[in-house]
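# Working through the structure, step by step
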Amino acid sequence: MRVPVTLKILALTVTTTAFYTIVGQLVPQKEVLPPKETALKKEMTQAEMVKAGKDIMEGKGICFTCHTLGKQGALRFPDLAGIGARAGQRVAGLSDVQYLAQSIYDPNAFIVPGFNPGMPVINKPPIGLTDDEIKAVVAYLQSLGGQVTVTMDSKLWPLDQAKAATAVPTKGPATP
Amino acid sequence: MKGRLALASIVVVAIAFGATFGLVRFLLGREYHPPLRSATEEPAPRQQALRDEAAAQAKADREKPYQEETYRRFPVVGSRVAVWVIAQLHLLFAAFVLAVPIFALIIEFIGWLNGDSRYDRLAHEFTRLLSVSFSLTATFGAFLLFMLVVLYPKFMNYLTHVFSPTFAPYVLLFFAEAFFLYTYYYGWGKFPPVVHLLLGLGLNIVGTGIMMIANAWLTFMMTPAGISESGAVISTWQAVHNYTWMPINIHRLIANVAFGGSVAAAYAAFKFLGAKTDEERAHYDWMGYIGNFVAICAFLPLPFAGYYLASEIYAYSQALGIQMMGGAFSWLFIIQAVLIGNLFLGANYYLWLGMGRVDAANRFQGYIKYLLIAVALCFAVWATPRSIIATVSETRAMGGASHPQLGYLGVMSAKNTAVNILILTTYVSFLLYRRSGRIPTVSWARLGNALQVAISGLAATVVIFLGVLGYFVEARVRIGLSVPQVGSVLFAMVAVTAIDVLMYRRAKSLGETHWGRIHPVSQYVLIFLAVTFTWMMGLMGYVRSGLRQHWHVYGVMRDTSVDAFTPTLGFATRVVSATVLAFFLLIGFVFWLASLSDRPARVHEPAP
């Protein structure tokens, strides 16, 4: 029996499409939901702030889309392991809290040597963290090798007001 | 018997009617009647309650506040999928309508220059597919607009706020497009050639203008500009001229030509397979070859346009770029790798099969296996993911989510190298096809050949060297390496072509090219390529749009609908497939309509 050409073309079209659909089912299937809000209270302890900051960085802040934690090699953005120890020594005249606050509110003010500018302003959309959320993030970053000094009552921005939350700069390696 | 049945029917109907009438009377008789009252006008309690209820409703209606709807729901599949499918169908037809006039004009121009009427006929046949496609494009465009206005009123209100000054030019250009398109098609052979060519040029300019305006709207959604922090428009021109506008204009223009060429080649294949005479087969074989040639020529520089677009996305927002290549959409590029690998394999296979048309082409057959090995290796590298799904024990055994050796092939350095070598290999396939059946007669032929080999080899060496170097340098240096990689391949293609054209100017023919003498499988390859191109357009359209994730306008207007999440890639590919099948059903209808003009008209016999 001779199969009509039209039928053969139809079969080829359906088979090709089905093949690509199957390929689409073979890759990892993941739904990406809008970021969840992390509940913050004014009377949070520093330990609670550190935990909330970690959640925010992994979620709404999408920090780990670019940054890594404990990775070495040719990185696109600075690795954050030990940042709590390094932050106070990055920029002369800036304490760890001031440096971390500046990195978030005005990220292009200082670029870590060897890297390109590229970090967005975190308190503006599309990320749009609130001041309280940024305090929690700073607490978490301080906890990565440093001492947490920031509290929910701290004022981080503008920079001159961040002095209130400043601790004695911690010692640590100067490289990223 | 029939009489009895009729009588029985009448009786049954009469009984049923009587029963219904009686039932209605019975029910009406049981309605509440107020008691007989004296001369007072006091209404019965039930009547009063009904009046109060009506008054309350009237008051509520009068005081109902106006509330602007943010979203409306589309039944069953939801608003997002409905808009997605219609937008994709509109874009596919629009791409086809924009692309065909570009290469039809070029072919007509070549025919006018060399006086070969075959080119004119070919160009005319390509444009035959346009008129119905144009109507379908407009219909789907109107459908899409209604869907957006109905389902996403607040978002459309915002886009109108930003882009209302662009609407009038868009409509005017659309009228001009209709004028040029129909005059170009129906005026074929009716105007002096130069006037007709100018009409075609006008059609292309207007079509490109329409595309650029529409591109401004969609690129603004991804990389908004020209607005205040609250989203108020400051400059419409800046909103139009946002980060990704020009890269998308360039990318779409090239991709449209590739897609249009492949669909036109599929039309030729459809006609070839149904041809009854050798003459028809020869004509449609040639048409398919030209369509595919156009598609592949446009396809080769497409990855470079893609780099430009991606670099502008990174320049606008590193987070957006990383989301695309390393986040939620990273696996989508593995699917894309399968598609591109198939396109290269199909394109090369078609060229190799095409050597069967040419006498004495078998002297190049020996090279094909090496080209196939190169294509297969590059395909394998491109399709290798950086990280793979593995069980805990497998991950431990590998020492991480990436394979200790194969993981190195998953990064951009390897993939850039693979695609550049793929492009170079396909170009070599084309070069062999071009040379088959001819021998150069120029005195410097040996030197020319050596130069061509040296340039191609040097380009391949540069590509591989820079690819390896990418593993050992900082990120900012590595990103920049793709430019010299691309540059060396482009240089090689231009230089080798220039040498080849000069070298084969007065070449000796070893045999003829027999159009139509090709294995029928080649025609199915053309259809396969068209389906693959279409599917890839659907997939890449999804990533471009889906990249915004839970934003209608990135960073400005958040999606708060029930669809404010990024679906799985499996779901996305199912939607893409449904759209592609719908497109091919419709384009099949266009092909059928275009074929009707070849059929002889029915002869009507005069009425007796």
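Bear in mind that the values here come from a model prediction, so they are computed numbers and not experimental data. (Residues numbered from 1 in each chain as written. Chains lettered and ligands numbered in written order. Predicted model: local features only at pLDDT ≥ 70, side-chain atom pairs only at ≥ 80, totals over all residues.)

Scanning chain A from N- to C-terminus turns up five helices and zero strands. Reading chain A from its N end, one meets helices and strands in the order α-α-α-α-α. Its C-alpha atoms give chain A principal-axis dimensions of about 90 × 35 × 25 Å. (Helix = DSSP H or I, 4+ residues; strand = E, 2+ residues; numbered from the N terminus.)

The helix and strand tally for chain B stands at 20 helices and four strands. Here the C-alpha atoms of chain B give a radius of gyration of 32 Å, more than 25% beyond the 25 Å that 2.2 N^0.38 yields for 608 residues. If you line up chain B on its principal axes, its C-alpha atoms span 125 × 85 × 55 Å. Of all 608 residues assigned to chain B, the portion counted as buried reaches 39%. Counted over contacts in chain B with a minimum sequence separation of 6, partners at least 24 positions apart contribute 80%. (Rg over C-alpha atoms; globule rule 2.2 N^0.38 Å. Buried ≥ 20, exposed ≤ 12 C-beta atoms within 10 Å, placed from the backbone. Contact = placed C-beta atoms within 7 Å.)

What follows covers the interface of chain B and chain A. Chain B puts 46 residues into the contact, and the matching count from chain A is 32 residues. It is helix 20 (residues 569–596) of chain B that provides the largest number of residues to the side of chain B that touches chain A, a total of eight residues. Counted by class, the side of chain B that touches chain A contains 28 nonpolar, 14 polar and four charged residues. (Nonpolar A, V, L, I, M, F, W, Y, C, P; charged D, E, K, R; others polar.)

Residues and elements named next belong to chain B. The N-to-C vectors of helix 13 (residues 332–354) and helix 19 (residues 521–546) enclose an angle of 155°; their axes lie 9 Å apart at closest approach. Here helix 19 runs roughly antiparallel to helix 13, going by the angle between their axes. Viewed along their axes, helix 13 and helix 19 form a crossing whose handedness is left-handed. Listed contacts from helix 19 to Leu332, Ile335, Gln336, Leu339, Asn342, Leu343, Gly346, Ala347, Tyr349, Tyr350, Leu353 and Gly354 of helix 13 are Val521, Ser522, Val525, Leu526, Phe528, Leu529, Thr532, Phe533, Trp535, Met536, Leu539 and Val543. Partitioning the contact of helix 13 with helix 19 into residue classes produces 18 nonpolar, six polar and no charged. (Axes fitted to C-alpha atoms, helices over the stretch in contact; angles between N-to-C directions. Parallel < 35°, antiparallel > 145°, perpendicular 65-115°, else oblique. Left-handed = near helix turned anticlockwise from the far one by under 90°.)

Now for unusual backbone geometry. Of the consecutive residues Pro125(A) and Pro126(A), the connecting peptide bond is found in the cis state with omega at 10°. In the segment running from Trp157(A) into Pro158(A), the intervening peptide bond is cis, with an omega of 5°. Following the sequence through the fold, Pro158(A) ends up in the segment after helix 5 (131–143). Phi angles above zero are rare outside glycine, and Val76(B) is one such case at about 65°.

Turning to helix 16 (residues 412–435) of chain B, a few remarks are in order. Residues and elements named next belong to chain B. When the terminal C-alpha atoms of helix 16 are compared, their 34 Å separation across 24 residues agrees well with the 34 Å that a helix rising 1.5 Å per residue should span. In terms of burial, helix 16 is largely enclosed, as 18 of its 24 residues are buried. Among the residues trailing helix 16, Gly437 stands out with phi positive, at a value near 85°. (Expected span 1.5 Å × (residues − 1).)

All names here are of chain B. Taken N-terminus to C-terminus, the directions of helix 3 (residues 79–114) and helix 7 (residues 193–222) make an angle of 155°; their axes are 9 Å apart at the nearest point. One element, helix 3, and the other, helix 7, form an angle in the roughly antiparallel class. For helix 3 against helix 7, the interelement crossing comes out left-handed. Where helix 3 approaches helix 7, its residues Leu98, Pro101, Ile102, Ala104, Leu105, Glu108, Phe109 and Trp112 are matched on the opposing element by Pro193, Leu197, Gly200, Leu201, Leu203, Asn204, Gly207 and Met211. Looking at the contact of helix 3 with helix 7 residue by residue, the class counts come to 12 nonpolar, three polar and one charged.

All names here are of chain A. Per-chain confidence: chain A averages 87 in pLDDT, with 90% of residues scoring 70 or above. Of all the helices and strands in chain A, helix 3 (residues 83–90) carries the lowest mean pLDDT, 93, while helix 5 carries the highest, 96. Residue range residues 167–176 is modelled with pLDDT below 50. Its contacts to residues more than four positions away, or to other chains, number 25 contacts. (pLDDT = per-residue confidence, 0-100.)

The end-to-end C-alpha separation of helix 19 of chain B is 37 Å, in line with the 38 Å expected for 26 residues at 1.5 Å each. Within helix 19 of chain B, 20 of the 26 residues are buried, which leaves it mostly tucked inside the rest of the structure.

All names here are of chain B. The topology assignment puts Ala49 in helix 2 (residues 45–63). Using a count of 11 C-beta atoms within 10 Å as the deciding quantity, one classes Ala49 as exposed. Taking the C-alpha atoms as reference, Ala49 lies 82 Å from Glu474; in sequence the two are 425 residues apart.

Before going further, it helps to examine the confidence of the model for chain B. Do not read the predicted coordinates in detail wherever pLDDT is low. Within chain B, residue pLDDT values average 89, and 94% of them lie at 70 or more. Our summary of model confidence lists the complex with pTM equal to 0.83 and ipTM equal to 0.83.

Attention now moves to the environment of Phe333(B). Inspection of the secondary structure puts Phe333(B) in helix 13. Each C-alpha atom, one on Phe333(B) and one on Ala383(B), is 8.5 Å from the other, the two residues being 50 residues apart in sequence.

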